[in-house]
2 protein chains.
Amino acid sequence: MAQVPDLRIKKQPTQGRAKATVEALLDSAAQLLASEGYAAVSTNRVAERAGVSIGSLYEYFPNKQALIAEALARALREVVGETTAGLREALALPDQPRAGIDHWMRAMVAAMEKRDALLRAALREVPFLWQIRELRELSDMLQQVAQEGRLKSSRVVHFEDPEASTWLLMSMVWSAILQTVLYRPSHLSRERLVHTLVDMVLKLL
Amino acid sequence: MAQVPDLRIKKQPTQGRAKATVEALLDSAAQLLASEGYAAVSTNRVAERAGVSIGSLYEYFPNKQALIAEALARALREVVGETTAGLREALALPDQPRAGIDHWMRAMVAAMEKRDALLRAALREVPFLWQIRELRELSDMLQQVAQEGRLKSSRVVHFEDPEASTWLLMSMVWSAILQTVLYRPSHLSRERLVHTLVDMVLKLL
DNA sequence: AGCTAACCTGAGCAAGTGCTCGGAACTACT
DNA sequence: AGTAGTTCCGAGCACTTGCTCAGGTTAGCT
(Lines give C-alpha, C1' and ligand atoms only; values in the text may rest on other atoms or scores of the structure.)
Protein backbone atom coordinates (compact mmCIF):
# COMPACT_ATOMS: atom_id res chain seq x y z
CA MET A 1 0.00 0.00 0.00
CA ALA A 2 2.94 2.34 -0.67
CA GLN A 3 4.91 3.89 2.12
CA VAL A 4 3.62 6.63 4.36
CA PRO A 5 3.98 10.08 2.80
CA ASP A 6 4.77 13.12 4.88
CA LEU A 7 1.45 14.83 5.44
CA ARG A 8 2.63 17.76 7.52
CA ILE A 9 2.58 21.30 6.23
CA LYS A 10 6.01 22.64 5.32
CA LYS A 11 5.97 26.23 6.40
CA GLN A 12 3.38 28.41 8.06
CA PRO A 13 2.68 31.61 6.11
CA THR A 14 3.25 34.74 8.15
CA GLN A 15 2.46 37.65 5.88
CA GLY A 16 -1.08 38.33 4.77
CA ARG A 17 -0.59 37.67 1.09
CA ALA A 18 1.07 34.36 1.88
CA LYS A 19 -1.95 33.34 3.93
CA ALA A 20 -4.16 34.21 0.99
CA THR A 21 -1.99 32.07 -1.28
CA VAL A 22 -2.31 29.05 1.00
CA GLU A 23 -6.06 29.58 1.29
CA ALA A 24 -6.42 29.78 -2.48
CA LEU A 25 -4.44 26.57 -2.89
CA LEU A 26 -6.52 24.67 -0.34
CA ASP A 27 -9.73 25.95 -1.85
CA SER A 28 -8.90 24.92 -5.36
CA ALA A 29 -7.63 21.53 -4.23
CA ALA A 30 -10.95 20.89 -2.48
CA GLN A 31 -12.95 22.13 -5.46
CA LEU A 32 -11.03 20.01 -7.91
CA LEU A 33 -11.33 16.92 -5.74
CA ALA A 34 -15.04 17.43 -5.24
CA SER A 35 -15.90 18.16 -8.84
CA GLU A 36 -13.55 15.94 -10.83
CA GLY A 37 -12.19 13.32 -8.47
CA TYR A 38 -8.81 12.40 -7.12
CA ALA A 39 -7.24 11.52 -10.47
CA ALA A 40 -7.93 15.03 -11.72
CA VAL A 41 -6.05 16.67 -8.88
CA SER A 42 -2.56 17.42 -10.15
CA THR A 43 -0.36 19.91 -8.42
CA ASN A 44 0.01 21.90 -11.62
CA ARG A 45 -3.74 22.21 -12.06
CA VAL A 46 -4.29 23.17 -8.44
CA ALA A 47 -1.72 25.92 -8.67
CA GLU A 48 -3.09 27.17 -11.98
CA ARG A 49 -6.66 27.25 -10.71
CA ALA A 50 -5.56 29.07 -7.59
CA GLY A 51 -3.90 31.70 -9.74
CA VAL A 52 -0.57 30.88 -8.15
CA SER A 53 2.67 29.47 -9.49
CA ILE A 54 3.56 25.84 -8.96
CA GLY A 55 6.70 26.91 -7.13
CA SER A 56 4.63 28.66 -4.48
CA LEU A 57 2.68 25.50 -3.84
CA TYR A 58 5.86 23.68 -2.92
CA GLU A 59 6.87 26.56 -0.72
CA TYR A 60 4.16 25.50 1.72
CA PHE A 61 3.42 21.84 1.07
CA PRO A 62 6.12 19.17 0.92
CA ASN A 63 4.15 17.09 -1.59
CA LYS A 64 0.80 16.52 -3.21
CA GLN A 65 -0.59 14.32 -0.46
CA ALA A 66 0.06 16.90 2.21
CA LEU A 67 -1.89 19.46 0.19
CA ILE A 68 -4.92 17.24 -0.22
CA ALA A 69 -4.70 16.00 3.34
CA GLU A 70 -4.79 19.55 4.63
CA ALA A 71 -7.73 20.47 2.42
CA LEU A 72 -9.67 17.48 3.71
CA ALA A 73 -8.59 18.08 7.29
CA ARG A 74 -10.04 21.56 7.09
CA ALA A 75 -13.40 20.23 5.95
CA LEU A 76 -13.36 17.50 8.59
CA ARG A 77 -12.61 19.96 11.35
CA GLU A 78 -15.71 21.87 10.31
CA VAL A 79 -17.79 18.70 10.35
CA VAL A 80 -16.50 17.78 13.79
CA GLY A 81 -17.25 21.28 15.02
CA GLU A 82 -20.80 21.33 13.76
CA THR A 83 -21.44 17.82 15.01
CA THR A 84 -20.24 18.47 18.54
CA ALA A 85 -22.20 21.71 18.58
CA GLY A 86 -25.27 19.68 17.65
CA LEU A 87 -24.56 17.27 20.47
CA ARG A 88 -24.23 20.07 23.02
CA GLU A 89 -27.56 21.51 21.93
CA ALA A 90 -29.11 18.06 22.14
CA LEU A 91 -27.89 17.57 25.69
CA ALA A 92 -29.33 20.92 26.70
CA LEU A 93 -32.75 19.82 25.52
CA PRO A 94 -35.43 18.71 28.04
CA ASP A 95 -34.88 15.10 28.93
CA GLN A 96 -36.53 13.21 26.08
CA PRO A 97 -34.28 10.72 24.37
CA ARG A 98 -36.14 10.95 21.08
CA ALA A 99 -35.80 14.71 20.72
CA GLY A 100 -32.14 14.66 21.64
CA ILE A 101 -31.17 11.91 19.27
CA ASP A 102 -33.21 13.47 16.53
CA HIS A 103 -31.52 16.80 16.96
CA TRP A 104 -28.05 15.29 16.97
CA MET A 105 -28.61 13.12 13.91
CA ARG A 106 -29.91 16.08 11.99
CA ALA A 107 -26.87 18.14 12.90
CA MET A 108 -24.59 15.43 11.58
CA VAL A 109 -26.57 14.99 8.41
CA ALA A 110 -26.59 18.72 7.78
CA ALA A 111 -22.87 19.06 8.39
CA MET A 112 -22.08 16.33 5.92
CA GLU A 113 -24.59 17.37 3.35
CA LYS A 114 -22.93 20.75 3.05
CA ARG A 115 -19.79 19.00 1.80
CA ASP A 116 -21.23 15.94 0.15
CA ALA A 117 -19.28 15.97 -3.10
CA LEU A 118 -15.99 16.45 -1.32
CA LEU A 119 -16.68 13.71 1.19
CA ARG A 120 -17.86 11.33 -1.48
CA ALA A 121 -14.66 11.76 -3.45
CA ALA A 122 -12.56 11.50 -0.31
CA LEU A 123 -14.17 8.30 0.91
CA ARG A 124 -14.15 6.60 -2.43
CA GLU A 125 -10.85 7.60 -3.90
CA VAL A 126 -8.29 9.04 -1.54
CA PRO A 127 -5.80 6.26 -0.80
CA PHE A 128 -4.18 7.75 2.28
CA LEU A 129 -7.45 8.89 3.81
CA TRP A 130 -7.01 7.02 7.07
CA GLN A 131 -3.68 8.58 7.75
CA ILE A 132 -5.35 11.96 8.13
CA ARG A 133 -5.43 12.72 11.81
CA GLU A 134 -8.71 14.65 11.65
CA LEU A 135 -10.60 11.67 10.28
CA ARG A 136 -9.43 9.40 13.04
CA GLU A 137 -10.36 12.11 15.50
CA LEU A 138 -13.87 12.23 14.08
CA SER A 139 -14.48 8.51 14.48
CA ASP A 140 -12.73 8.45 17.85
CA MET A 141 -14.92 11.30 18.99
CA LEU A 142 -18.06 9.48 17.94
CA GLN A 143 -17.00 6.30 19.68
CA GLN A 144 -16.11 8.23 22.81
CA VAL A 145 -19.38 10.08 22.90
CA ALA A 146 -21.20 6.81 22.44
CA GLN A 147 -19.31 5.07 25.24
CA GLU A 148 -19.95 8.01 27.56
CA GLY A 149 -23.60 8.05 26.70
CA ARG A 150 -23.80 4.37 27.54
CA LEU A 151 -22.15 4.86 30.95
CA LYS A 152 -24.48 7.70 31.82
CA SER A 153 -27.55 5.65 31.11
CA SER A 154 -26.23 2.31 32.30
CA ARG A 155 -29.26 1.81 34.53
CA VAL A 156 -31.71 2.22 31.70
CA VAL A 157 -29.85 0.60 28.83
CA HIS A 158 -28.54 -2.91 29.13
CA PHE A 159 -26.32 -4.67 26.63
CA GLU A 160 -25.04 -8.19 26.88
CA ASP A 161 -21.64 -7.08 25.62
CA PRO A 162 -21.62 -3.34 26.18
CA GLU A 163 -18.33 -2.47 24.55
CA ALA A 164 -18.92 -4.41 21.35
CA SER A 165 -22.52 -3.26 21.17
CA THR A 166 -21.63 0.38 21.48
CA TRP A 167 -18.88 0.13 18.89
CA LEU A 168 -21.15 -1.61 16.47
CA LEU A 169 -24.05 0.74 17.14
CA MET A 170 -21.96 3.81 16.47
CA SER A 171 -20.45 2.24 13.33
CA MET A 172 -23.91 1.46 12.08
CA VAL A 173 -25.27 4.90 12.80
CA TRP A 174 -22.28 6.58 11.20
CA SER A 175 -22.47 4.53 8.05
CA ALA A 176 -26.23 4.86 7.89
CA ILE A 177 -25.72 8.59 7.79
CA LEU A 178 -23.03 8.25 5.15
CA GLN A 179 -25.39 6.13 3.10
CA THR A 180 -28.22 8.55 3.59
CA VAL A 181 -26.24 11.61 2.65
CA LEU A 182 -23.98 10.22 -0.06
CA TYR A 183 -25.62 7.21 -1.65
CA ARG A 184 -29.34 7.53 -1.00
CA PRO A 185 -31.63 6.09 -3.69
CA SER A 186 -33.73 8.85 -5.16
CA HIS A 187 -37.11 7.40 -4.23
CA LEU A 188 -36.34 7.58 -0.52
CA SER A 189 -36.37 11.10 0.85
CA ARG A 190 -33.73 12.22 3.26
CA GLU A 191 -36.46 13.11 5.71
CA ARG A 192 -37.90 9.60 5.77
CA LEU A 193 -34.50 8.08 6.30
CA VAL A 194 -33.51 10.34 9.15
CA HIS A 195 -36.83 9.76 10.87
CA THR A 196 -36.47 6.01 10.47
CA LEU A 197 -32.90 6.08 11.64
CA VAL A 198 -33.91 7.76 14.87
CA ASP A 199 -36.56 5.07 15.36
CA MET A 200 -34.02 2.35 14.91
CA VAL A 201 -31.52 3.83 17.29
CA LEU A 202 -34.23 4.08 19.95
CA LYS A 203 -35.12 0.46 19.34
CA LEU A 204 -31.56 -0.61 19.84
CA LEU A 205 -31.16 1.16 23.18
CA MET B 1 -15.15 12.65 -12.11
CA ALA B 2 -13.67 11.85 -15.52
CA GLN B 3 -15.79 10.29 -18.19
CA VAL B 4 -16.93 6.69 -18.08
CA PRO B 5 -14.25 4.32 -19.34
CA ASP B 6 -15.10 1.26 -21.34
CA LEU B 7 -15.06 -1.58 -18.83
CA ARG B 8 -15.95 -4.44 -21.16
CA ILE B 9 -13.50 -7.14 -22.03
CA LYS B 10 -12.12 -6.80 -25.56
CA LYS B 11 -11.88 -10.33 -26.82
CA GLN B 12 -12.69 -13.68 -25.29
CA PRO B 13 -9.74 -16.09 -25.39
CA THR B 14 -10.50 -19.28 -27.26
CA GLN B 15 -7.34 -21.35 -27.15
CA GLY B 16 -6.14 -22.85 -23.90
CA ARG B 17 -2.94 -20.89 -23.61
CA ALA B 18 -4.82 -17.66 -24.18
CA LYS B 19 -7.16 -18.48 -21.31
CA ALA B 20 -4.14 -19.10 -19.11
CA THR B 21 -2.75 -15.71 -20.13
CA VAL B 22 -5.94 -13.90 -19.19
CA GLU B 23 -6.11 -15.75 -15.88
CA ALA B 24 -2.53 -14.84 -15.07
CA LEU B 25 -3.24 -11.20 -15.87
CA LEU B 26 -6.33 -11.08 -13.68
CA ASP B 27 -4.53 -12.83 -10.84
CA SER B 28 -1.59 -10.49 -10.82
CA ALA B 29 -3.84 -7.44 -11.10
CA ALA B 30 -5.75 -8.61 -8.03
CA GLN B 31 -2.57 -9.42 -6.12
CA LEU B 32 -0.99 -6.08 -6.92
CA LEU B 33 -4.12 -4.18 -5.97
CA ALA B 34 -4.46 -6.08 -2.70
CA SER B 35 -0.86 -5.84 -1.64
CA GLU B 36 0.25 -2.43 -2.86
CA GLY B 37 -2.86 -0.42 -3.64
CA TYR B 38 -4.41 1.13 -6.71
CA ALA B 39 -1.58 3.54 -7.43
CA ALA B 40 0.84 0.62 -7.71
CA VAL B 41 -1.19 -1.09 -10.41
CA SER B 42 0.34 -0.12 -13.73
CA THR B 43 -0.36 -2.13 -16.84
CA ASN B 44 3.35 -2.70 -17.38
CA ARG B 45 3.80 -4.11 -13.88
CA VAL B 46 0.74 -6.34 -14.15
CA ALA B 47 1.99 -7.82 -17.40
CA GLU B 48 5.49 -8.30 -16.07
CA ARG B 49 4.30 -10.02 -12.91
CA ALA B 50 2.04 -12.25 -14.95
CA GLY B 51 4.99 -13.26 -17.06
CA VAL B 52 3.25 -11.92 -20.14
CA SER B 53 4.07 -9.12 -22.51
CA ILE B 54 2.31 -5.80 -22.33
CA GLY B 55 1.05 -6.27 -25.86
CA SER B 56 -0.84 -9.38 -24.83
CA LEU B 57 -2.60 -7.49 -22.09
CA TYR B 58 -4.05 -5.07 -24.61
CA GLU B 59 -5.09 -7.97 -26.76
CA TYR B 60 -7.80 -8.77 -24.22
CA PHE B 61 -8.50 -5.60 -22.29
CA PRO B 62 -9.24 -2.27 -23.95
CA ASN B 63 -7.64 -0.32 -21.10
CA LYS B 64 -6.37 -0.44 -17.55
CA GLN B 65 -9.74 0.13 -15.92
CA ALA B 66 -11.33 -2.79 -17.73
CA LEU B 67 -8.59 -5.06 -16.44
CA ILE B 68 -9.04 -4.01 -12.84
CA ALA B 69 -12.82 -4.03 -13.12
CA GLU B 70 -12.77 -7.61 -14.35
CA ALA B 71 -10.41 -8.71 -11.58
CA LEU B 72 -12.72 -7.17 -9.00
CA ALA B 73 -15.83 -8.52 -10.69
CA ARG B 74 -14.45 -12.02 -10.42
CA ALA B 75 -13.88 -11.64 -6.69
CA LEU B 76 -17.32 -10.12 -6.21
CA ARG B 77 -19.01 -12.93 -8.09
CA GLU B 78 -17.40 -15.34 -5.66
CA VAL B 79 -18.60 -13.31 -2.70
CA VAL B 80 -22.12 -13.21 -4.09
CA GLY B 81 -22.03 -16.95 -4.69
CA GLU B 82 -20.88 -17.82 -1.20
CA THR B 83 -23.32 -15.37 0.36
CA THR B 84 -26.35 -16.71 -1.45
CA ALA B 85 -25.24 -20.25 -0.66
CA GLY B 86 -25.15 -19.25 2.98
CA LEU B 87 -28.65 -17.82 2.68
CA ARG B 88 -30.01 -21.01 1.15
CA GLU B 89 -28.52 -23.05 3.96
CA ALA B 90 -29.96 -20.64 6.49
CA LEU B 91 -33.45 -20.98 5.01
CA ALA B 92 -33.18 -24.78 5.17
CA LEU B 93 -32.53 -24.58 8.89
CA PRO B 94 -35.31 -25.40 11.41
CA ASP B 95 -37.43 -22.32 11.91
CA GLN B 96 -35.50 -20.29 14.47
CA PRO B 97 -34.76 -16.75 13.40
CA ARG B 98 -31.64 -16.51 15.52
CA ALA B 99 -29.93 -19.56 14.04
CA GLY B 100 -30.78 -18.55 10.49
CA ILE B 101 -29.55 -15.00 10.79
CA ASP B 102 -26.46 -16.18 12.58
CA HIS B 103 -25.63 -18.65 9.87
CA TRP B 104 -26.14 -16.13 7.11
CA MET B 105 -24.07 -13.41 8.73
CA ARG B 106 -21.24 -15.82 9.27
CA ALA B 107 -21.30 -16.86 5.64
CA MET B 108 -21.01 -13.25 4.52
CA VAL B 109 -18.25 -12.50 6.98
CA ALA B 110 -16.31 -15.57 5.89
CA ALA B 111 -16.71 -14.78 2.21
CA MET B 112 -15.37 -11.28 2.68
CA GLU B 113 -12.64 -12.22 5.07
CA LYS B 114 -11.11 -14.49 2.47
CA ARG B 115 -10.53 -11.46 0.27
CA ASP B 116 -10.13 -8.73 2.83
CA ALA B 117 -7.05 -7.03 1.44
CA LEU B 118 -8.48 -6.85 -2.04
CA LEU B 119 -11.83 -5.53 -0.87
CA ARG B 120 -10.19 -2.98 1.37
CA ALA B 121 -8.16 -1.60 -1.50
CA ALA B 122 -11.15 -1.65 -3.81
CA LEU B 123 -13.46 0.19 -1.45
CA ARG B 124 -10.92 2.77 -0.45
CA GLU B 125 -9.17 3.55 -3.67
CA VAL B 126 -10.81 2.41 -6.88
CA PRO B 127 -12.46 5.47 -8.41
CA PHE B 128 -14.78 3.70 -10.82
CA LEU B 129 -15.85 1.06 -8.33
CA TRP B 130 -19.53 1.77 -8.60
CA GLN B 131 -19.56 1.33 -12.32
CA ILE B 132 -18.74 -2.33 -11.87
CA ARG B 133 -21.92 -4.25 -12.51
CA GLU B 134 -21.12 -7.02 -10.06
CA LEU B 135 -20.94 -4.63 -7.14
CA ARG B 136 -24.32 -3.14 -7.86
CA GLU B 137 -25.64 -6.66 -8.18
CA LEU B 138 -24.31 -7.51 -4.76
CA SER B 139 -26.01 -4.60 -3.07
CA ASP B 140 -29.17 -5.06 -5.13
CA MET B 141 -29.25 -8.70 -4.11
CA LEU B 142 -28.96 -7.81 -0.46
CA GLN B 143 -31.74 -5.25 -0.69
CA GLN B 144 -33.94 -7.67 -2.55
CA VAL B 145 -33.39 -10.46 -0.07
CA ALA B 146 -34.18 -8.08 2.73
CA GLN B 147 -37.39 -6.83 1.11
CA GLU B 148 -38.50 -10.40 0.46
CA GLY B 149 -37.73 -11.39 4.01
CA ARG B 150 -39.86 -8.52 5.23
CA LEU B 151 -42.83 -9.51 3.07
CA LYS B 152 -42.67 -13.11 4.24
CA SER B 153 -42.77 -12.14 7.86
CA SER B 154 -45.09 -9.16 7.55
CA ARG B 155 -47.40 -10.52 10.23
CA VAL B 156 -44.61 -10.81 12.78
CA VAL B 157 -42.52 -7.78 11.96
CA HIS B 158 -44.03 -4.34 11.82
CA PHE B 159 -42.28 -1.18 10.66
CA GLU B 160 -43.75 2.27 10.58
CA ASP B 161 -42.12 2.93 7.21
CA PRO B 162 -41.30 -0.53 5.88
CA GLU B 163 -39.41 0.43 2.77
CA ALA B 164 -37.14 2.96 4.39
CA SER B 165 -36.62 0.71 7.40
CA THR B 166 -35.58 -2.23 5.31
CA TRP B 167 -33.23 -0.19 3.20
CA LEU B 168 -31.61 1.31 6.24
CA LEU B 169 -31.44 -2.01 8.05
CA MET B 170 -29.69 -3.71 5.19
CA SER B 171 -27.31 -0.78 4.74
CA MET B 172 -26.46 -0.93 8.40
CA VAL B 173 -25.91 -4.67 8.41
CA TRP B 174 -23.79 -4.51 5.31
CA SER B 175 -21.58 -1.77 6.60
CA ALA B 176 -21.37 -3.35 10.04
CA ILE B 177 -19.94 -6.40 8.33
CA LEU B 178 -17.57 -4.26 6.29
CA GLN B 179 -16.45 -2.58 9.49
CA THR B 180 -16.07 -5.88 11.26
CA VAL B 181 -14.06 -7.52 8.53
CA LEU B 182 -12.03 -4.62 7.26
CA TYR B 183 -11.64 -2.04 9.98
CA ARG B 184 -12.19 -3.86 13.28
CA PRO B 185 -10.20 -2.53 16.26
CA SER B 186 -7.84 -5.20 17.49
CA HIS B 187 -9.27 -5.45 20.99
CA LEU B 188 -12.68 -6.55 19.73
CA SER B 189 -12.70 -10.09 18.44
CA ARG B 190 -14.54 -10.93 15.27
CA GLU B 191 -16.53 -13.48 17.21
CA ARG B 192 -17.86 -10.92 19.68
CA LEU B 193 -18.85 -8.57 16.92
CA VAL B 194 -20.69 -11.15 14.87
CA HIS B 195 -22.56 -12.37 17.92
CA THR B 196 -23.49 -8.82 18.88
CA LEU B 197 -24.52 -8.01 15.34
CA VAL B 198 -26.98 -10.90 15.30
CA ASP B 199 -28.39 -9.64 18.59
CA MET B 200 -28.92 -6.20 17.16
CA VAL B 201 -30.60 -7.42 14.04
CA LEU B 202 -33.01 -9.46 16.11
CA LYS B 203 -33.74 -6.41 18.23
CA LEU B 204 -34.57 -4.38 15.18
CA LEU B 205 -37.04 -6.89 13.78
C1' DA C 1 17.33 54.45 1.46
C1' DG C 2 19.08 50.29 2.22
C1' DC C 3 18.89 45.68 3.55
C1' DT C 4 17.15 41.23 4.89
C1' DA C 5 13.87 37.87 4.99
C1' DA C 6 9.73 36.37 3.15
C1' DC C 7 7.46 35.40 -0.94
C1' DC C 8 6.68 34.32 -5.69
C1' DT C 9 7.82 32.76 -10.52
C1' DG C 10 7.81 29.21 -14.35
C1' DA C 11 10.85 26.73 -17.59
C1' DG C 12 12.12 22.36 -17.47
C1' DC C 13 13.84 17.74 -15.56
C1' DA C 14 13.55 12.85 -14.49
C1' DA C 15 10.59 9.37 -14.06
C1' DG C 16 7.02 7.50 -15.02
C1' DT C 17 2.31 6.38 -17.55
C1' DG C 18 -1.09 4.01 -20.86
C1' DC C 19 -1.00 2.22 -25.01
C1' DT C 20 0.33 1.10 -30.34
C1' DC C 21 2.05 -1.52 -33.95
C1' DG C 22 4.84 -4.32 -36.97
C1' DG C 23 6.21 -8.57 -36.92
C1' DA C 24 7.42 -13.27 -34.94
C1' DA C 25 5.69 -17.71 -33.02
C1' DC C 26 2.36 -20.93 -32.30
C1' DT C 27 -2.15 -23.79 -33.18
C1' DA C 28 -5.61 -26.00 -35.69
C1' DC C 29 -7.36 -27.55 -39.71
C1' DT C 30 -7.19 -29.11 -44.46
C1' DA D 1 3.04 -29.52 -45.77
C1' DG D 2 0.62 -25.56 -46.33
C1' DT D 3 -1.90 -21.87 -44.52
C1' DA D 4 -5.11 -18.90 -42.11
C1' DG D 5 -6.17 -17.47 -37.89
C1' DT D 6 -4.82 -16.75 -33.20
C1' DT D 7 -1.66 -15.45 -29.80
C1' DC D 8 2.31 -13.24 -28.21
C1' DC D 9 6.14 -10.01 -28.18
C1' DG D 10 8.52 -5.57 -26.62
C1' DA D 11 10.79 -1.28 -28.31
C1' DG D 12 9.23 2.94 -28.06
C1' DC D 13 5.81 7.03 -28.75
C1' DA D 14 3.30 10.78 -26.94
C1' DC D 15 2.12 12.51 -22.96
C1' DT D 16 1.61 13.60 -17.90
C1' DT D 17 3.23 13.73 -13.42
C1' DG D 18 5.42 15.55 -9.09
C1' DC D 19 8.74 18.50 -8.10
C1' DT D 20 13.37 21.67 -8.29
C1' DC D 21 15.99 25.72 -8.62
C1' DA D 22 17.97 30.01 -9.98
C1' DG D 23 16.50 34.13 -10.04
C1' DG D 24 13.06 38.05 -9.52
C1' DT D 25 9.62 40.79 -6.52
C1' DT D 26 7.60 42.60 -2.36
C1' DA D 27 7.12 43.69 2.70
C1' DG D 28 8.88 45.20 6.98
C1' DC D 29 12.34 46.92 9.37
C1' DT D 30 16.02 50.41 10.92
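**Describing the overall build of chain A**
Step number 1: The helix and strand tally for chain A stands at 9 helices and 0 strands.
Step number 2: In sequence order, the secondary structure elements of chain A are arranged as α-α-α-α-α-α-α-α-α.
Step number 3: Summarising its shape, the C-alpha atoms of chain A cover approximately 60 × 35 × 35 Å along the three principal directions.
Step number 4: Burial analysis of chain A (205 residues in total) assigns 49% to the buried set.

**Notes on the packing of helix H8 (residues 162-182) of chain A against helix H9 (residues 190-204) of chain A**
Residue and element names in this part refer to chain A.
Step number 1: As a packed pair, H8 and H9 sit with axes 11 Å apart at the nearest point and diverge in direction by 175 degrees. Judged by the inter-axis angle, H8 sits roughly antiparallel to H9. Across the interface between the two elements, Leu169, Val173, Ala176, Ile177 and Thr180 from H8 touch Arg190, Leu193, Leu197, Val201 and Leu204 from H9.
Step number 2: In the contact of H8 with H9, the residues fall into 8 nonpolar, 1 polar and 1 charged.

**Topic: the nonpolar core**
Step number 1: With 143 residues, the main nonpolar core has Leu33(A), Leu72(A), Ile177(A), Leu33(B), Leu72(B) and Ile177(B) as its most contacted residues.
Step number 2: Setting aside residues up to four positions removed in sequence, Leu72(A) forms contacts with Leu33(A), Leu118(A), Ala122(A), Val126(A), Leu129(A) and Ile132(A).

**Quick look at the pattern of salt bridges**
Residues and elements named next belong to chain A.
Step number 1: Following the criterion strictly, the structure yields 38 salt bridges over all chains and no others.
Step number 2: Between Arg115 and Glu82 there is a salt bridge; the shortest N-O distance is 2.8 Å. Of this pair, Arg115 sits in the loop between helix H5 (97-113) and helix H6 (116-125) while Glu82 sits in helix H4 (residues 64-92), placing them 33 residues apart in sequence.
Step number 3: We classify Glu82 as partly exposed; its relative accessible area is 26%.
Step number 4: One salt-bridge network, held together by shared partners, links Glu70, Arg77, Arg133, Glu134 and Glu137.

**Observations regarding the protein's contact with DNA strand C**
Step number 1: In the region of DNA strand C, 24 residues are neighbours, and Thr21(A), Ser53(A), Gly55(A), Tyr58(B) and Lys64(B) sit closest.
Step number 2: Sugar and phosphate atoms form 66% of the subset of DNA strand C atoms that lie within 4 Å of the protein.
Step number 3: One nitrogen or oxygen atom from the side chain of Thr21(A) is found 2.5 Å from a phosphate oxygen belonging to DNA strand C.
Step number 4: The side chain of Tyr58(B) places a nitrogen or oxygen atom 2.8 Å from a phosphate oxygen of DNA strand C.

**With respect to the interface of chain B and chain A**
Step number 1: At the junction of the two partners, chain B supplies 42 residues and chain A supplies 42 residues.
Step number 2: Here chain B and chain A share an interface that buries about 3,800 Å² over both sides, 63% of which is from carbon and sulfur atoms.
Step number 3: Across the contact surface, chain B and chain A share 4 salt bridges.
Step number 4: As a salt-bridge pair, Arg192(B) and Asp161(A) come within 2.7 Å of each other at their nearest N and O atoms.
Step number 5: Viewed at the interface, chain A and chain B are joined by 9 residue pairs in polar contact (both at pLDDT 80 or more).
Step number 6: In terms of residues, the side of chain B that touches chain A owes the most to one element, helix H8 (residues 162-182) of chain B, which gives 13 residues.
Step number 7: Classifying every residue of the side of chain B that touches chain A by side-chain character gives 21 nonpolar, 11 polar and 10 charged.

**What to know about the relation of the copies chain B and chain A**
Step number 1: The two copies are related by a screw operation: chain B maps onto chain A through 180 degrees of rotation and 0.0 Å of translation along the axis, at an RMSD of 0.0 Å. Accordingly, the operation relating the two chain copies is best matched by a two-fold axis. The C-alpha atom lying nearest the rotation axis in chain B is that of Glu125(B); the distance is 2.2 Å.

**A short note on the domain arrangement of chain A**
Residues and elements named next belong to chain A.
Step number 1: Assigned domains of chain A: these are domain 1 (16-64) and domain 2 (71-204).
Step number 2: Just the C-alpha atoms count here: the centres of domain 1 and domain 2 sit 30 Å apart.
Step number 3: Contacts between the two partners involve 10 residues from domain 1, matched on the other side by 10 residues from domain 2.
Step number 4: Together domain 1 and domain 2 conceal approximately 820 Å² of surface at their shared face, both sides included; 68% is due to carbon and sulfur atoms.
Step number 5: Our count for the contact surface shared by domain 1 and domain 2 stands at 2 salt bridges.

**Concerning the packing of aromatic side chains**
Step number 1: Applying the stated criterion to the full structure yields 4 aromatic pairs over all chains.
Step number 2: Judged by centre distance (6.2 Å) and plane angle (25 degrees), the ring pair of Tyr183(A) and Trp130(B) falls under stacked. Taken together, the positions of Tyr183(A) in the loop between H8 and H9 and Trp130(B) in the loop between helix H6 (116-125) and helix H7 (133-152) put the pair across two chains.
Step number 3: For Trp130(B), a relative accessible area of 32% puts it in the partly exposed group.

So, how was this worked out
- Residues numbered from 1 in each chain as written.
- Chains lettered and ligands numbered in written order.
- Predicted model: local features only at pLDDT ≥ 70, side-chain atom pairs only at ≥ 80, totals over all residues.
- Heavy atoms only, no water.
- Helix = DSSP H or I, 4+ residues; strand = E, 2+ residues; numbered from the N terminus.
- Buried < 20%, exposed > 50% of the residue type's maximum accessible area, 1.4 Å probe, protein only.
- Axes fitted to C-alpha atoms, helices over the stretch in contact; angles between N-to-C directions.
- Parallel < 35°, antiparallel > 145°, perpendicular 65-115°, else oblique.
- Contact = heavy atoms within 4.5 Å.
- Nonpolar A, V, L, I, M, F, W, Y, C, P; charged D, E, K, R; others polar.
- Core = buried A, V, L, I, M, F, W, Y, C linked by side-chain atoms within 4.5 Å.
- Salt bridge = Lys/Arg side-chain N within 4 Å of Asp/Glu carboxyl O.
- Near = heavy atom within 4 Å.
- Polar contact = N/O pair within 3.5 Å; in protein donor to acceptor, adjacent residues only side chain to side chain.
- Buried area = accessible area lost by both parts, 1.4 Å probe.
- Least-squares fit on C-alpha atoms with pLDDT ≥ 70 in both.
- Domains from an automatic or database assignment.
- Phe/Tyr/Trp six-rings, centres within 6.5 Å; stacked < 30°, edge-to-face > 60°.

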